[in-house]
Amino acid sequence: MFQDNPLLAQLKQQIQENLPKKEGTIKATEKGFGFLEVDAKTSFFIPPPYMKKCMHGDKVVAIIRTEKEREVAEPQELIEQAVTRFIGRVKLFKGKLNVTPDHPQLKKLTLKAKTKKGIKSDDLKEGDWVVAQVIRHPLKGDNGFFVEITEKITDADDKIAPWWVTLAQNDLPNTEPAGLDSWEIKDDAALERVDLTDMPFVTIDGESTKDMDDALFAKKTANGDFELTIAIADPTAYITPEDNMDKVARERGFTIYLPGRNIPMLPRDLADELCSLIENEVRPAICCQVTVTADGVIQDDIKFFAANMKSHARLAYDHVSDWLETDTCEKWQPSDGIAQVVRDLQDFANTRATWRETHAVVFPDRPDYRFELSEDNDVVAIHADMRRTANRLVEESMITANICAGRVLSRAFGFGVFNTHSGFKADKLKDVVELVNQGKEDNHYTDENLSTLEGFASLRRELGNLDSSYLDNRIRKYQAYSEISNQPDAHFAMGLDVYATWTSPIRKYGDMVNHRLLKAFILGAEPIQQPDDALGEELAIHRKHHKIAERTVGDWLYARTLADEPKAKTEYTAEIFDINRAGMRARLIENGATVFIPNPLIVDNKERIEGNNENGTVSIDKEVVYRLGDTLKVVLHEVNQETRSLIAKPVEVFADAPKEATEIAEQA
């Protein structure tokens with residue numbers, strides 16, 4: 001009788017209209033309740049019944065009322081829907097199709113579903129991975145959530161689900177592009193190629209690498225200078241800007257590198273065969289020749305030209321490193337001619353590295369972590385590969401080549417695809433100045449000099465020479481992000497005035513564009529392609545999604561591999577890289593896994609501990625015990641394969657800590 005009473009409904013509406021309203025973002029929890037985050041300091045509790053109207057991340061208007069002496073928020077109006085497309089798993093209830101999102105804050109949701117035309121619901125089994133689209137939302141006046149399954153990704157028990165699911169999650173392709181029956185060189189007839197087949201180029205790559213895109217030659221002169229020649233594979237000889245393959249390459253942006261497998265930007269018959277600089281095979285290439293002085297300065301005699309070249313030796317990083325570092329290698333022994341080329345390349349690399357350490361910025365050595373997989377896609381081992389002599393040799397050659405391209409493109413055209421970095425965020429400069437001048441008698445660093453390339457690079461070199469990385473870690477969060485620009489500008493993070501990559505055109509679309517610009521420079525002609533304003537943003541988005549995908553698959557494999565470690569109580573060395581109110585995030589040095597160390601696993605009384613994100617410190621009883629960059633011994637406390645998260649605790653704790661720290665960790 002009262003349910004359909006219009007007077008009561010009107011009265012209820014009037015009461016609601018008079019209640020205060022707040023706009024904010026929904027933050028869900030695994031317990032079913034949530035919070036309306038109004039700003040950094042203001043939030044309101046949302047009880048579980050009200051959370052059924054919204055999803056984590058939704059931007060809403062909510063009415064604020066008092067229930068049981070507590071202010072709570074009831075979402076009323078949807079401003080911005082956070083989730084439209086998502087990855088989920090099939091749930092069957094009494095034969096009815098449902099989907100549970102694969103998201104830490106959405107796993108409590110079980111959403112009624114239907115299938116898109118062409119997908120049979122009978123083909124879907126419990127736990128299967130699917131892509132779904134939200135087609136009904138309660139705050140849009142609909143009666144509950146409803147979703148449509150638009151794609152089946154893979155079966156529930158598929159061992160390679162981490163790869164397929166992650167690619168789908170980031171809307172990335174899971175196969176290589178289709179190739180052609182035959183490829184033809186389409187270069188402008190005016191582009192004459194120099195015959196360099198007699199020059200003893202060498203390629204240095206991983207033993208399993210197939211898409212070899214750079215070959216090197218160096219000759220040390222009598223006065224100690226170096227004549228360096230870099231040959232780069234030339235896919236633009238086969239692909240014009242008008243070809244459909246160029247559109248495909250732009251849509252992909254980069255080759256996707258994931259643990260254990262890659263998805264190439266270009267068809268494998270082009271990337272791994274026709275363009276790959278295979279030993280003793282003649283290949284079209286774009287080459288750069290330049291003189292580097294005995295003290296490491298790149299001269300202005302930069303010459304770019306097209307060539308036909310041939311790799312005289314296909315070398316592997318570890319073999320070359322063993323030979324250079326110990327004068328011997330059981331698996332490889334070079335001929336006298338190749339040995340001399342490698343020795344000269346090493347001397348060149350050492351010279352350039354010394355110059356960059358003094359005049360630019362050199363990144364600290366950190367291991368690259370690599371998953372070794374069985375044929376059945378199980379993790380056999382996790383390797384920590386340090387950069388060795390041969391890796392540095394190739395790295396210095398590529399950096400030199402990209403500096404040369406940056407100079408030429410900026411002078412010839414004033415545009416190209418440039419990697420840039422603007423240093424510190426403008427609104428953080430004063431904080432940086434205050435931080436780095438602490439404890440110094442004079443203000444050595446100022447807003448003005450830290451806004452310059454020279455001042456920024458000087459500070460980075462100084463921080464790199466400190467015994468502790470604490471200050472360096474604090475400073476890094478004030479830095480801007482690197483960008484891809486069509487205008488030349490400095491790269492502060494590298495300490496270079498200009499930088500344009502062109503050395504990986506098989507793997508990077510931006511490098512293909514720069515190849516075409518370099519060909520125009522070689523011909524003295526107008527470029528057939530000019531980077532538009534949208535290209536840099538597109539490439540940045542591609543790069544972001546690729547990094548997320550690589551990290552996500554890695555997290556999945558770490559959770560699988562380390563699942564039994566909490567029982568084994570294996571001790572690891574963890575390096576702290578982030579601190580917040582709830583605890584610390586750290587990286588295990590032995591294998592690269594990221595762990596969270598919640599405060600309750602450090603000390604049992606939350607009143608005693610304080611994590612300060614701004615200062616990058618954890619204090620217990622008002623005394624700093626951990627800082628960014630510190631290392632500590634930890635054991636894994638819990639491995640959650642469902643959320644792919646690792647919870648760790650210090651080996652040496654400050655008091656007996658409770659075991660129920662997982663909830664706090666996941667909320668953090």
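Keep in mind the model is a prediction, meaning the values are calculated, not measured.

> Help me out: how do you make sense of the environment of R411 in this one?
You can see R411 is positioned in helix 8 (residues 389-412). With a relative accessible area of 58%, R411 lands in the exposed category. Placed 77 residues apart in sequence, R411 and P488 show a C-alpha to C-alpha distance of 9.3 Å.

> Would you mind showing me how to read the packing of aromatic side chains here?
The description of an aromatic ring pair uses the distance of the two centres, along with the angle that the planes make with each other. Under the criterion given, the structure shown has 11 aromatic pairs. Here the aromatic rings of F35 and F45 are separated by 6.0 Å at their centres, their planes lie at 75 degrees, and the arrangement is edge-to-face. With F35 in strand 2 (residues 34-37) and F45 in strand 3 (residues 43-46), the pair connects residues that are 10 residues apart, well separated along the chain. Directly above the aromatic system of Y470 lies the positively charged group of R627, at a separation of 4.1 Å from the ring centroid.

> What am I meant to see in unusual backbone geometry here?
With the exception of glycine, the majority of residues adopt a negative phi angle, and the majority of peptide bonds are in the trans configuration. Notably, K68 is not glycine yet its phi reads approximately 55 degrees, a positive angle. Mapped onto the secondary structure, K68 falls in the loop between strand 4 (59-67) and strand 5 (70-80). One non-glycine residue, E69, lies in positive phi territory at about 60 degrees. Counting through the fold element by element, E69 comes out in the loop between strand 4 and strand 5. Residue classification places E69 among the exposed positions, given a relative accessible area of 82%.

> I would appreciate a short explanation of the pairing of strand 19 (residues 379-385) in the present structure.
Where strand 18 (residues 368-373) lies against strand 19, 6 bridges are found, and the strand directions are antiparallel. Each residue of the ladder has a partner; that of F371, found in strand 19, is I382. From the end of strand 18 to the start of strand 19, which pair antiparallel, there are 5 residues, and N377 there has a positive phi angle of about 65 degrees.

> Which parts of the structure should I look at to understand the UniProt feature "domain: Cold-shock" (unreviewed entry) in the protein?
UniProt annotation of "domain: Cold-shock" (unreviewed entry) refers to residues 23-79 when read in the numbering used here. Strand forms 58% of residues 23-79 and helix 7%; the C-alpha atoms that close the span are 9 Å apart.

> Hey, could you run me through a negative patch on the surface in this one?
Together, D427, D431, E434 and E614 give the surface a local cluster of negative charge. For D431, the position within the fold is in helix 9 (residues 429-436). Among the residues examined, D431 registers a relative accessible area of 31% and is labelled partly exposed.

> Would you explain the domain arrangement of the protein in this entry?
The extent of an interface is frequently quoted as the accessible surface area lost upon association of the parts. Parsing the protein into structural domains produces domain 1 (19-80), domain 2 (85-158), domain 3 (194-422 + 484-552), domain 4 (428-479) and domain 5 (563-650). One C-alpha centre belongs to domain 1, the other to domain 4, and the line joining them spans 41 Å.

> Just to check I follow, could you spell out the side chain of N514 for this structure?
Following the sequence through the fold, N514 ends up in helix 13 (residues 509-523). For N514, a relative accessible area of 0% puts it in the buried group. Setting aside anything within four residues of it in sequence, one finds N514 in contact with L409, G416, V417, A500, T501 and W502.

> What am I meant to see in the nonpolar core here?
Grouped together as the largest cluster of nonpolar side chains are 88 residues, with contacts concentrated most on L266, F304, L315 and W502. The element contributing the most residues to this core is helix 8, with 11 residues. Contacts of L315, omitting those with residues within four sequence positions, involve V202, T203, I204, D205, V320, W332, I338 and V342. With 39 residues, the next largest nonpolar core counts I160, A549, L562 and M584 among its residues.

> What exactly am I supposed to notice about the packing of helix 3 (residues 161-169) against helix 14 (residues 533-561) here?
The angle between the axes and the distance between the axes are what describe a pair of packed helices. At a minimum axis separation of 9 Å, helix 3 and helix 14 run at an interaxial angle of 150 degrees. In this view, helix 3 runs roughly antiparallel relative to helix 14, as classed from their interaxial angle. Seen from above, helix 3 lies across helix 14 with right-handed handedness. Packed against helix 3, whose contacting residues are A161, P162, W163, V165, T166 and Q169, the element helix 14 presents A549, T552, V553, W556, L557 and R560 at the interface.

> Where do I start with the sheet that holds strand 27 (residues 623-627) in this structure?
Strands pair in a sheet through their backbones, by hydrogen bonds, and they do so in one of two ways: parallel or antiparallel. One open sheet accounts for 3 strands, arranged 25-26-27; its pairing is antiparallel. The open sheet terminates on both sides in strands that have one partner only, identified here as strand 25 (609-612) and strand 27. Averaged over all neighbouring strand pairs, the angle between strand axes comes to 25 degrees, with direction disregarded.

> Where do I start with helix 4 (residues 244-252) in this structure?
One turn of the α-helix equals 3.6 residues, which is why residues spaced by three or four share an orientation. Among all positions in helix 4, only M245, D246, V248, A249 and R252 are buried. The arc that holds every buried residue of helix 4, seen down its axis, measures 160 degrees, which confines them to one face. In helix 4, the exposed residues that point more than 90 degrees away from the buried face are N244 and E251. Two residues or fewer past helix 4, G253 is found with a positive phi of approximately 80 degrees.

> So what exactly am I meant to see when it comes to the confidence of the model for the protein here?
When pLDDT is low, close inspection of the predicted coordinates is not appropriate. Overall, the predicted model of the protein reaches an average pLDDT of 92, with 95% of residues at or above 70. This model gives residues 664-668 a pLDDT under 50, and the stretch forms 14 contacts once residues within four places in sequence are excluded.

> Would you take a moment to explain helix 3 for this structure?
Along helix 3, 7 of the 9 residues are buried, which leaves the element largely enclosed by surrounding structure. Of all the positions in helix 3, only A161, P162, W163, V165, T166, L167 and A168 are classed as buried. Within two residues after helix 3, D171 carries a phi angle of roughly 55 degrees, on the positive side.

> Help me understand the sheet that holds strand 10 (residues 146-154), please; the structure alone is not making it clear to me.
What the 5 strands build is a closed barrel, ordered 6-7-8-10-9; its pairing is mixed. Taken over all neighbouring pairs, the strand axes of this sheet differ in orientation by 55 degrees on average, direction set aside. Judged from the 2 bridges that link them, strand 7 (residues 96-101) and strand 8 (residues 111-115) form a sheet pairing that is antiparallel. Pairing of N98 across the sheet is with K112, part of strand 8.

> Quick question: what am I supposed to make of the environment of G206 here?
Its place among the elements puts G206 in the loop between strand 11 (194-205) and strand 12 (214-220). Counting along the chain gives 111 residues from G206 to Y317, while the straight-line C-alpha distance between them is 5.8 Å.

> Got a minute to help me understand the state of the cysteines in this structure?
A disulfide bridge is the covalent bond that connects two cysteines by way of their sulfur atoms. As enumerated under the stated definition, the model contains 0 disulfides in all. Residue C288 stays outside any disulfide, its sulfur separated by 4.1 Å from that of C404, the closest cysteine. What makes C404 buried here is its relative accessible area of 0%.

Reading guide: rules and limits
Each chain has its residues counted from 1, following the order in which its sequence is written. Per-residue local features of the predicted model are confined to residues with pLDDT of at least 70, and side-chain atom pairs are confined, for both listing and counting, to 80 or more; whole-chain, interface and lining totals are unaffected and use all residues. Derived side-chain values reflect all non-hydrogen atoms in the structure, with water molecules and hydrogen atoms excluded from consideration. Helical segments are the DSSP runs of H or I of at least four residues, strand segments are the runs of E of at least two, and each set is numbered from the N terminus. Burial here depends on accessible area, computed with a 1.4 Å probe over protein chains only, as a share of the maximum for the residue type. Under 20% is buried, over 50% is exposed, and the range in between is partly exposed. To pair, rings of Phe, Tyr and Trp, with the six-membered ring standing in for Trp, must have centres within 6.5 Å; the planes then decide the type, stacked if under 30 degrees apart, edge-to-face if over 60, and tilted in the middle. Criterion for a charge above a ring: Arg CZ or Lys NZ at most 6 Å from the ring centre, at most 35 degrees from the ring normal. Pairing between strands is defined by DSSP: at least two bridges between the two strands are required. UniProt positions are given in the numbering used here, feature names are shortened, and annotations may be inferred rather than shown by experiment. Each patch groups residues whose relative accessible area exceeds 30% and which form no salt bridge, using 9 Å between like charges and 5 Å between nonpolar side chains of Val, Leu, Ile, Met, Phe, Trp and Tyr. Exposure was quantified through the Shrake-Rupley algorithm and a 1.4 Å probe, taking into account, for residues, occlusion by the shown protein chains and nothing else. The term salt bridge refers to a pairing of a side-chain nitrogen on Lys or Arg with a carboxyl oxygen on Asp or Glu at a separation within 4 Å. Charged residues are defined narrowly, with Lys and Arg counted positive, Asp and Glu counted negative, and His plus the chain ends left uncounted. In this description, the location of a charge corresponds to atom NZ of lysine, CZ of arginine, CG of aspartate or CD of glutamate. Note that the domain bounds reflect an automated or database-derived domain assignment. Should any heavy atoms of two residues lie within 4.5 Å, those residues are considered in contact. We call a set of buried Ala, Val, Leu, Ile, Met, Phe, Trp, Tyr and Cys residues a nonpolar core when their side-chain atoms join them within 4.5 Å. Helix axes are fitted to C-alpha atoms over the stretch in contact, other axes to C-alpha atoms as well, and angles between N-to-C directions run from 0 to 180 degrees. To sort the angles, those under 35 degrees are grouped as roughly parallel, those over 145 as roughly antiparallel, those from 65 to 115 as roughly perpendicular, and the leftovers as oblique. Helix crossings are classified by the rotation of the near helix relative to the far one: an anticlockwise turn of less than a right angle makes the crossing left-handed, while a clockwise turn makes it right-handed. Here, the arc refers to the directions that run from the helix axis to the C-beta atoms. Confidence of the predictor at the level of single residues is given by pLDDT, which spans 0 to 100. Cysteine sulfur atoms are paired as a disulfide whenever they fall within 2.5 Å.

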